[in-house]
Amino acid sequence: SMGGTVLAYSQLKRYVQFDGLILCSPMIGLPQKPVPSSIGKKLAQVLSILGFRETPSFIGGYETDDFAANPLTHNKELFEQVIVKPPFPIPMATFGWIEQSYEATEYIRLAQSIEQFRAPLRVLVSGGETVVDPHAAAKWVLDLQKSGHENCQVEVIVHAKHELLAEAEEYY
């Protein structure tokens, strides 16, 4: 998800130029829960200014032993390997990370950014997505198409969870 944000942002800022992009569950918008974006952005900004930039927000830590409740995958084997005993633990998002994420995703969705984004693009969105805002990614692709971008597509993987590359085989 964050990788999709970094790739799209880097393409737009011309840090790198890709011949094409395939993004899986990209974070083009932050989720509206537990806090709506209209409040979350301002809250993250204020807390960062007050010195809480590196403080964990209690959002984004997905360490859990409860397979049924996990938002990442239907694949029990990968869940055990990657989530329960992760080789690289996923830390909770800090308030500074959240603030920067709002800035990056807003930049990606700006009309000016949409007008200049022309790399061929395929976006895969998880139908059961709860980690990022799946509607933001689909709307972004639609906005790209409306702006004349002819080589961009979105595909929703029905009922799949966030980690598309670690999903159960039935979603391939």
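These lines cover the structure that appears in this document, whether it is placed above or below. Residue positions within a chain follow its written sequence, with the count starting from 1. Confidence filtering applies because this is a predicted model: local features only for residues at pLDDT of at least 70, side-chain atom pairs given and counted only at 80 or more, and all residues used for totals across whole chains, interfaces and linings. Side-chain numbers here rest on the full set of heavy atoms in the structure, without hydrogens or water.

Points about the packing of helix 2 (residues 37–52) against helix 4 (residues 95–109)
Which entries qualify depends on this criterion: Axes here refer to lines fitted to C-alpha atoms; in helices the fit is confined to the stretch in contact. Angles between the N-to-C directions go from 0 to 180 degrees. The secondary structure listing takes helices from DSSP runs of H or I that are at least 4 residues long and strands from runs of E that are at least 2 residues long, numbered from the N terminus. Any angle between 65 and 115 degrees counts as roughly perpendicular, while under 35 counts as roughly parallel, over 145 as roughly antiparallel, and the rest as oblique. Left-handed describes a crossing whose near helix is turned anticlockwise from the far helix through less than a right angle; right-handed describes the clockwise counterpart. Two residues form a contact once any of their heavy atoms are found within 4.5 Å. In this classification, the charged set is Asp, Glu, Lys and Arg, the nonpolar set is Ala, Val, Leu, Ile, Met, Phe, Trp, Tyr, Cys and Pro, and all remaining amino acids, among them Gly, are polar.
At a minimum axis distance of 8 Å, the contact between helix 2 and helix 4 shows a crossing angle of 135°. By the angle between their directions, the pair helix 2 and helix 4 is classed as oblique. Considering how the two elements wind past one another, helix 2 and helix 4 form a crossing that is left-handed. For the pair formed by helix 2 and helix 4, the contact residues are Ser37, Gly40, Lys41, Ala44, Gln45, Leu47, Ser48 and Phe52 on the first element and Phe95, Gly96, Ile98, Glu99, Tyr102 and Glu106 on the second. Split by residue class, the contact of helix 2 with helix 4 holds six nonpolar, five polar and three charged.

Details of unusual backbone geometry
Most of the time, phi is negative for any residue but glycine, and the peptide bond is trans. Cis geometry is adopted by the peptide bond preceding proline 34, which originates at lysine 33 and carries an omega value of 10°. Structurally, proline 34 can be placed in the loop between strand 1 (21–24) and helix 2. A positive phi angle, near 65°, is found at arginine 14, a position not held by glycine. Among the secondary structure elements, arginine 14 is positioned in the loop between helix 1 (2–13) and strand 1. In this structure, serine 25 takes a positive phi of about 50° despite not being glycine. One can find serine 25 in the loop between strand 1 and helix 2.

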